[in-house]
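# Examination of the molecular architecture
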Amino acid sequence: MLSDIYTEEHRIFRASFRKFVAEEVTPHVEQWERQGAVPRELWLKMGEQGYLCPWVPEQYGGLGLGFEYSLIINEELIRGDGFGVGVPLHSDVAAPYLASYGSERAKNTWLPGCVGGQVVTAVGFTEPGAGSDLAAIRATAVRDGDEYVINGQKTFITNGYFADLVVLAVKTDPSQGYNGISLILVDKDAPGFQRGVRLRKMGGHMQDTAELYFGDCRVPAWHLLGQEGQGFRYMMQKLQQERLEVCIKCQVMAEECLKEGLEYAKARQVFGQPVGLHQANAFRLAEMATDVELGRTFLDSIILDHLAGRDVVQRVSMAKYWLGEMVNRVAYQALQLHGGYGYMEEYRICRLYRDVRALSIFAGTSEIMKLIVSRNLGLRP
Ligand SMILES: Cc1cc2nc3c(=O)[nH]c(=O)nc-3n(C[C@H](O)[C@H](O)[C@H](O)COP(=O)(O)OP(=O)(O)OC[C@H]3O[C@@H](n4cnc5c(N)ncnc54)[C@H](O)[C@@H]3O)c2cc1C
């Protein structure tokens with residue numbers, strides 16, 4: 001069981017991070033949602049306490065801890081309503097590209113800042129004309145002496161507006177489809193790099209999601225991650241952890257929705273008895289609880305395999321689609337149990353319902369997950 005792997009150190013870490021979230025995140029959520037951004041001070045405070053990229057090796061300023069610590073941070077942030085804090089994307093999705101494929105120079109330049117909160121990272125893959133089909137991206141990078149010259153546009157980029165460093169997918173050989181994709185680091189001061197407006201979204205209001213523009217943007221050649229043409233392979237290697245990170249969000253948010261629905265159904269009286277005592281609602285809650293229990297069991301088994309270094313691509317794709325849809329089902333039912341109050345901002349379920357909608361879309365839609373699963377069943381070449 002996943003709980004068996006947690007030691008006393010894990011428990012102490014969780015307790016102190018939970019306290020940190022209760023004091024530094026939860027009370028500010030409404031204000032940050034109105035502002036459409038999380039202040040940099042939060043990143044710096046998290047960095048000071050070792051809550052950013054805890055896995056980074058000590059030689060680059062990190063604590064050298066295992067993925068369990070990232071898992072604890074992700075879970076506790078979500079429980080404390082920090083869905084829009086782009087830390088898991090920074091710590092467990094973007095920065096790992098730098099650590100795995102960056103040159104020594106790149107790692108020495110940025111990893112300490114990733115740990116300390118001075119360097120916020122983003123992943124720039126999606127374009128207006130290419131989301132699910134990454135082979136269709138059109139941004140290019142052309143080598144010119146000791147530099148790359150980048151042209152193109154990205155959209156829907158989480159942390160995009162305030163990021164200091166972007167892991168950017170470009171074509172270095174547009175004739176080659178997937179094999180022409182490379183990953184390159186673009187820092188915020190690179191000439192020719194501009195950000196568009198912060199995008200207005202259905203949920204995740206405190207998350208800065210932006211468009212990025214590159215017009216003859218120049219970066220030094222050592223910003224290339226790994227080798228030219230290997231970008232798609234690197235993405236495939238890292239997507240397992242990115243999708244797992246989203247699965248964790250799905251599960252914890254489903255648990256929170258169930259909690260909200262259950263509490264309300266016990267407290268609110270209709271026709272002389274609690275909402276939850278009417279059989280239709282009792283059955284509704286039984287179904288929600290079963291969904292949540294199945295999700296937890298499935299997710300924990302995948303996390304255990306991921307921690308053991310096993311290939312979980314097939315199961316994480318199954319989980320990303322199933323959990324992404326399960327959390328939407330549970331959120332819908334939890335809101336329904338609230339009646340009109342569920343539609344009111346002062347009730348937590350209202351925000352949860354909005355926020356969960358993106359979970360079956362980003363990091364690969366449910367349909368793309370099913371495509372991967374069906375391919376692995378031998379149904380497609
Ligand atoms: C809140 C948010 C944050 C995001 N953050 C980032 C980020 O940080 N970095 C980043 O690079 N991107 C980010 N994205 C983009 C996200 O990854 C894409 O939106 C997603 O991959 C889908 O791409 P698309 O929006 O272009 O949809 P499309 O690819 O145009 O898909 C449209 C519809 O067609 C379906 N579809 C596509 N292909 C097939 C097929 N072969 N068979 C059947 N159905 C198919 C899709 O499932 C979907 O339902 C974010 C998106 C959101 C909403």
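Computed from a predicted model, the values in this text were never measured in an experiment. (Residues numbered from 1 in each chain as written. Predicted model: local features only at pLDDT ≥ 70, side-chain atom pairs only at ≥ 80, totals over all residues. Heavy atoms only, no water.)

## Some remarks on the pattern of salt bridges
Per the counting criterion, the structure on display carries 30 salt bridges. Between K259 and E256 there is a salt bridge whose closest N-O contact spans 3.2 Å. Taken as a pair, K259 and E256 lie in helix α7 (residues 231-267) at a separation of 3 residues, close to a single helical turn. Taking the relative accessible area as the measure of exposure, E256 reaches 5% and is therefore buried. (Salt bridge = Lys/Arg side-chain N within 4 Å of Asp/Glu carboxyl O. Helix = DSSP H or I, 4+ residues; strand = E, 2+ residues; numbered from the N terminus. Buried < 20%, exposed > 50% of the residue type's maximum accessible area, 1.4 Å probe, protein only.)

## Observations concerning a nonpolar patch on the surface
Nonpolar side chains collect at one region of the surface, where Y341, Y343 and M344 lie side by side and expose about 370 Å² of accessible area between them. Structurally, Y343 can be placed in the loop between α9 (313-337) and α10 (348-356). (Patch = residues over 30% accessible without salt bridge, like charges linked within 9 Å, V, L, I, M, F, W, Y side chains within 5 Å. Areas by Shrake-Rupley, 256 points an atom, 1.4 Å probe, with all protein chains shown as cover.)

## As for the layout of surface pockets
Empty space within the largest pocket amounts to approximately 1400 Å³. At the level of elements, α5 (87-101), β3 (147-158), α7, α9, α10 and α11 (366-376) are the ones that each hand at least two residues to the lining of the largest pocket. When its residues are assigned to classes, the lining of the largest pocket shows 24 nonpolar, 13 polar and 10 charged. Every element with two or more residues in the lining of the second largest pocket is listed here: α2 (29-35) and α10. Three or more residues apiece are contributed to the lining of the second largest pocket by two domains, here domain 1 (2-119) and domain 3 (233-376). (1 Å grid on protein atoms, 1.4 Å probe; cavity = no way out; pocket = protein on both sides within 12 Å on 5 of 7 lines; lining within 4 Å. Points joined across faces, edges and corners; volume = space filled by probe spheres on them. Nonpolar A, V, L, I, M, F, W, Y, C, P; charged D, E, K, R; others polar. Domains from an automatic or database assignment.)

## Observations concerning the site of the ligand
Taken together, 15 residues lie near the ligand, and V123, T126, S132, T365 and E367 sit nearest. Measuring from an oxygen atom of the ligand, one finds a backbone N or O atom of F125 at 2.9 Å. Contact distances for the ligand include 3.5 Å between an oxygen atom and a backbone N or O atom of G131. With the chains in place, 63% of the 970 Å² that the ligand exposes on its own is no longer accessible. If you map the ligand onto the pockets, it falls in the largest pocket. For the shell around the ligand, the secondary structure elements donating two or more residues are β3 and α11. Grouping the amino acids of the shell around the ligand by side-chain chemistry returns 9 nonpolar, 5 polar and 1 charged. Lining the shell around the ligand are residues from two domains, each supplying at least three of them: domain 2 (122-227) and domain 3 (233-376). (Near = heavy atom within 4 Å. Polar contact = N/O pair within 3.5 Å; in protein donor to acceptor, adjacent residues only side chain to side chain. Sits in = over half its atoms within 2 Å of the grid points.)

## Some remarks on helix α3 (residues 40-48)
Listed in full, the buried residues belonging to α3 are L42, W43, M46 and G47. The buried residues of α3 occupy an angular sector of 135° when projected down its axis, which confines them to one face. On the buried face of α3, the contacting elements are α1 (8-24), α2, α4 (67-79), α5 and α6 (104-116). Among the residues trailing α3, G50 stands out with phi positive, at a value near 85°. (Arc of directions from axis to C-beta. Contact = heavy atoms within 4.5 Å.)

## What about unusual backbone geometry?
One can expect most non-glycine residues to show negative phi and most peptide bonds to be in trans. Backbone geometry places D216, a non-glycine residue, at a positive phi of 45°. For D216, the location among the structural elements is in strand β7 (residues 209-220). Since its relative accessible area comes to 53%, D216 is described here as exposed.

## Section: the pairing of strand β4 (residues 165-171)
The buried fraction of β4 amounts to 7 of the 7 residues, a majority that puts the element mostly inside the structure. Judged by which residues are buried, β4 turns out to be covered on both faces: L165, V167, A169 and K171 on one side and V166, L168 and V170 on the other are all buried. In terms of strand pairing, strand β1 (residues 121-124) meets β4 through 4 bridges, oriented parallel. For G124, the partnering residue across the bridge sits in β4 and is L168. Here 7 bridges tie β4 to strand β5 (residues 181-187), and the two strands are oriented antiparallel to one another. Across the sheet, residue A169 finds its bridge partner in β5, namely L183. (Pairing = 2+ DSSP bridges.)

## Details of empty space enclosed by the protein
Rolled over the atoms, a probe sized like a water molecule indicates the empty space that remains. Under the counting rule described, the total for this entry stands at 1 cavity of 30 Å³ or more. If you go around the largest cavity, you meet 14 residues; those closest to its centre are D81, F83, M253, R351 and D355. With 4 residues, α10 is the single largest residue contributor to the lining of the largest cavity. For the lining of the largest cavity, the per-class residue count stands at 5 nonpolar, 4 polar and 5 charged.

## Re the packing of α4 against α5
Relative to each other, α4 and α5 sit at 160°, their axes nearing to 10 Å. Our classification of the angle between α4 and α5 gives roughly antiparallel. You can see that α4 and α5 cross each other, and the crossing is left-handed. Across the interface between the two elements, S70, I73, N74 and L77 from α4 touch V87, P88 and D92 from α5. Across the contact of α4 with α5, the residue classes break down as 4 nonpolar, 2 polar and 1 charged. (Axes fitted to C-alpha atoms, helices over the stretch in contact; angles between N-to-C directions. Parallel < 35°, antiparallel > 145°, perpendicular 65-115°, else oblique. Left-handed = near helix turned anticlockwise from the far one by under 90°.)

## Some thoughts on the packing of aromatic side chains
Under the criterion given, the structure shown has 14 aromatic pairs. Centroid distance F13 to Y69: 4.8 Å. Interplanar angle 90°. Geometry classified as edge-to-face. Highlighted residues: F13 in helix α1 and Y69 in helix α4, separated in sequence by 56 residues. Measuring from ring centre to ring centre gives 5.1 Å for Y161 and F162, while their planes differ by 85°; the resulting arrangement is edge-to-face. (Phe/Tyr/Trp six-rings, centres within 6.5 Å; stacked < 30°, edge-to-face > 60°.)

All we've got here are geometric facts, nothing functional implied.
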